[in-house]
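Secondary and tertiary structure notes
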Amino acid sequence: MKHVTFYMVRHGETRFNISGRMQGTCDSPLTEKGIADGEAASIALREIPFTRAYTSTSERARDTARLICKRHNVVLHESKGLKEFDFGSLDGEIAADHVDEIKQRKIDDSFHEIGGESTAMVNQRIDHTFERILNECRDGDIVLIVSHGMYILNVLEHL
């Protein structure tokens, strides 16, 4: 069995983060603080000898990953499988305007009913994505993954 070490990093702060908007598959750019977050992550991880790097295809994750990877001699691979949880029609909405609905949809695992994903759908995507990444890895690889908050929580709960 291969031994592979993963470092998972959430993207930096975005415009949607500061405006309190739901940010799943929709995207918004990094703020100045978000760029500084990426730089800080790059500095914090500068001694880690990454052999592989993967990022979500979302702009916010790609930009964060590029900031981290500029200190490493590693090719950055993009993967749709690392994208954020899809909140369906709530994507882009101001979260404070939908608190009760969001809370109930989390409890009922029912974002798929409004065009988003269920936990099972995300878990299937996690399985497929990590299987592919592991197949590309060699024993001893150290892998950077830049993704999203809910996605990373789902990875931790699922795996």
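Here the structure is shown first, and the text comes after it.
Residues numbered from 1 in each chain as written. Predicted model: local features only at pLDDT ≥ 70, side-chain atom pairs only at ≥ 80, totals over all residues. Heavy atoms only, no water.

**Description of the overall build of the chain**
If you tally the helices and strands in the chain, you get six helices and four strands. Reading the chain from its N terminus to its C terminus gives the helix and strand order β-α-α-β-α-β-α-α-β-α. Dimensions of the chain, computed from C-alpha atoms along their principal axes, come out at roughly 45 × 40 × 20 Å. The burial tally for the chain puts 48% of its 159 residues in the buried class. Long-range contacts, defined here as pairs at least 24 residues apart, represent 75% of the contacts in the chain between residues at least 6 apart. Of the roughly 8,400 Å² of accessible surface on the chain, a fraction of 52% belongs to carbon and sulfur atoms. (Helix = DSSP H or I, 4+ residues; strand = E, 2+ residues; numbered from the N terminus. Buried < 20%, exposed > 50% of the residue type's maximum accessible area, 1.4 Å probe, protein only. Contact = heavy atoms within 4.5 Å. Areas by Shrake-Rupley, 256 points an atom, 1.4 Å probe, with all protein chains shown as cover.)

**Quick word on helix α6 (residues 149-158)**
For α6, the set of buried residues is Y151, I152, N154 and V155. Along the axis of α6, the buried positions cluster into a sector of 160 degrees, meaning they face one direction only. The exposed residues of α6 that point more than 90 degrees off its buried face are L156 and E157. Residues of α6 that are buried make contact with β1 (5-10), α5 (119-136) and β4 (142-147). (Arc of directions from axis to C-beta.)

**Re the environment of G115**
Mapped onto the secondary structure, G115 falls in the loop between α4 (99-108) and α5. When the C-alpha atoms of G115 and E131 are compared, they prove to be 26 Å apart, with 16 residues separating the residues in sequence. Among residues more than four places away in sequence, those in contact with G115 are D86 and G88.

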